[in-house]
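Below, each chain spelled out in residue letters.
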Amino acid sequence: MAADSVGIVAPRLESFEDPLILETGRILPRFDLMIETYGTLNADASNAILICHALSGHHHAAGYYAGETKAGWWDSCIGPNKAIDTNLFFVVALNNIGGCNGSTGPTSPNPENDNKPYGPDFPLVTVRDWVNVQARLADRLGIGIWHAVVGGSLGGMQALQWAVDYPQRLKNCAIIASTPKLSAQNIAFNEVARQSILSDPDFHAGRYLEQQTFPKRGLILARMVGHITYLSEEAMKEKFGRDLKSGNFLYGYDVEFQVESYLRYQGEQFSRNFDANTYLIMTKALDYFDPARDHDSKLNQALAPATCRFLIVSFTTDWRFAPSRSQEIVDALITNRQPVSYIDVDAPQGHDSFLFPIPRYVNTLRGFLGQPSGHNLGQNVTKNAPELGTIDQNQTATVAGAAR
Amino acid sequence: MRLDQQLAERWIKPGSRVLDLGCGDGELLAHMAKRLDIDCYGLEIDEDKITSAIGRGLNIIEQDLNDGLGRFADQSFDAVVMAQALQAVKAPDQILLDMVRVGREAIITFPNFAHWKTRSYLGFRGKMPVSEALPYMWYNTPNIHLCTFRDFEALCQANGIKIINRLAVDGDQQGNFFMKHFPNFFGEIAIYRVSRS
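Quick caveat, the model's predicted, so the values are computed rather than measured.

Parameters at a glance
- Residues numbered from 1 in each chain as written.
- Chains lettered and ligands numbered in written order.
- Predicted model: local features only at pLDDT ≥ 70, side-chain atom pairs only at ≥ 80, totals over all residues.
- Heavy atoms only, no water.
- 1 Å grid on protein atoms, 1.4 Å probe; cavity = no way out; pocket = protein on both sides within 12 Å on 5 of 7 lines; lining within 4 Å.
- Points joined across faces, edges and corners; volume = space filled by probe spheres on them.
- Helix = DSSP H or I, 4+ residues; strand = E, 2+ residues; numbered from the N terminus.
- Buried < 20%, exposed > 50% of the residue type's maximum accessible area, 1.4 Å probe, protein only.
- UniProt positions renumbered as here; feature names shortened; annotations may be inferred.
- Phe/Tyr/Trp six-rings, centres within 6.5 Å; stacked < 30°, edge-to-face > 60°.
- Lys NZ or Arg CZ within 6 Å of the ring centre and 35° of its normal.

Things to note about empty space enclosed by the protein
All names here are of chain A.
Piece 1. A full pass over the atoms with the stated rule returns 2 cavities of 30 Å³ or more.
Piece 2. Here the second largest cavity is characterised by a volume of approximately 40 Å³.
Piece 3. If one sorts the elements of the lining of the second largest cavity by residue count, helix α4 (residues 216–230) sits on top with 4 residues.

Here's the deal with the environment of A:Cys77
All names here are of chain A.
Piece 1. Examined against the element boundaries, Cys77 turns out to sit in the loop between β5 (48–52) and β6 (78–79).
Piece 2. Residue class for Cys77 comes out buried when judged on its relative accessible area of 0%.
Piece 3. For the pair Cys77 and Leu124, spaced 47 residues apart in the sequence, the C-alpha separation amounts to 31 Å.

A closer look at the UniProt feature "binding site: substrate" (unreviewed entry) in chain A
Residues and elements named next belong to chain A.
Piece 1. This chain's UniProt record puts "binding site: substrate" (unreviewed entry) on Arg223 and Asp352. For the annotated residues, spread through 130 residues, the largest C-alpha to C-alpha distance comes to 14.0 Å, consistent with a single compact locus. As for the lining of the largest pocket, the annotated residues named previously contribute Arg223 and Asp352.
Piece 2. Along the polypeptide, Arg223 turns up in helix α4.

Some remarks on the packing of aromatic side chains
Piece 1. Per the stated rule, a full pass over the model turns up 26 aromatic pairs over all chains.
Piece 2. Each ring, one from A:Phe16 and one from A:Phe31, has its centre 4.9 Å from the other, and the planes form 10°; the classification is stacked. Of this pair, A:Phe16 sits in strand β1 (residues 12–16) while A:Phe31 sits in strand β4 (residues 31–38), and the two are 15 residues apart along the sequence. Neither A:Phe16 nor A:Phe31 differs from the other in exposure class; each is buried.
Piece 3. Summarising the aromatic geometry, the rings of A:Trp73 and A:Trp74 are spaced 5.7 Å apart at their centres and angled 5° between planes, so their arrangement reads as stacked.
Piece 4. We classify A:Trp73 as partly exposed; its relative accessible area is 24%.
Piece 5. Classification of A:Trp74 as buried rests on a relative accessible area of 0%.
Piece 6. Grouped by ring-pair contacts, the aromatic residues B:Phe177, B:Phe178, B:Phe182, B:Phe185 and B:Phe186 constitute a single cluster.
Piece 7. Stacked on the ring of B:Phe77, the Lys or Arg B:Arg17 has its end atom at 4.5 Å from the ring centre.
Piece 8. Here the guanidinium or amino end of B:Arg125 rests over the ring plane of B:Tyr121, the centre of that ring lying 4.2 Å away.

Below, the structure is given as structure tokens:
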């Protein structure tokens, strides 16, 4: 195991017995959260970073489970001396409610229905609901203010919602490969994914667990269409080209091209580990997310309450949430005169780029996160600027950039 | 202290909102942030410099100045600063107009192509001047729109831009009697503070 791994980790369950009122008005009488933490919370709890997960999210963000060889989903960024440095920070990752990895969701027993699995009776949840739940988790962990809330894609939406809903509870917000709201095209892809699940004969109106089956074909299709949108054309070309498995056309409908084989394999893997109702819930949460909706579609008005510093990162080949979508957030923050930095990283991996250790991206994230400090929650980033001890104030340099 | 830092302290009021175009690694912004408590954004295109500047705790937006300043509202900054980039943009006249649109004042520095050394280089050798201030060959220079004090002032006049201050300095940031009175001949670097009339 590499020296910059957090090593062997174990998840743990946090139970919350107070009812949770959801944005839909429905109430969860109680809920569990499966969480993982890395690093050590310091004495004044000022070094905590929350990691928000993307669509098929999981609490296992870094390190390894005993006896397993697959690292957590964001192991490239979280660990000792990595961009999210666990020598400095206490990192919290969780499985959101509605999920299927241990937190209360559609596969959990429904106390109002003889503890049968919730299935389709699990309420729709929104990004705002998740953030409210995460705030309760922060209370539980003794974290008043996050040093940072960080997320990619759907996780970036949660980070943005944090900045708006709990402005006094985070200092820094990193929104990576995300968007302030889905486009019609984005929603369309989600709808194809949902329909593939809903139309699977094994779906049984969402009560497949009670029938001791699951809509495997639907899940595979849903994942395949999703997966296509996560990769760039370039990345697919690079990885598969038009390579044939057998070397020849077979003139049939079995797998012939390598890319077909890959998509089927990914779909197959996913279908074994993911709950169909959770996939439906998560894609709906994506579709509904739109903080500007309550503000006459004016994003800057929606973001006005935020007081944290922002880092927005997009990737040139991300066509699911293209750089222009990230720039909508940047522009709204600039309009509001809020502290924001923005980089558009040239990377070939498409939307999935945020999971890769691309040097420019991870170095910028590291620089943005800086060092934990116990105070200074300011509106103005410049007031939080680190001491500039490394700069020789007396040097007789030229006018900035002169003579270069 | 660097001249640009001195000038910033003289020309930019504490608490101002400042936009730095081509901010590099953010050294000037960091200085101003510390000394003047300004509220600022820097625009830069060099990836490594952006990373360094963000690491300093500054607000840096990755942006090509050739795309203009459309994302910034009219008069939304107290000062817009651009050091040694005017000559490298595709449309210097447009960026200048954008600067005085976005900022109440603009501070601009550029190499003076009419400096006597440059003139004599071209005059005697008949070749495009290469110097410490202009260290590139004609074919690989990023400086595609070189100008002089006179050219710049003519541009300002044609566009109704008011010159508030003008400084002529050499490569070491020093000025003298000759540069002050004959900037177009003796000034190596031009420094202007301008605004919309």
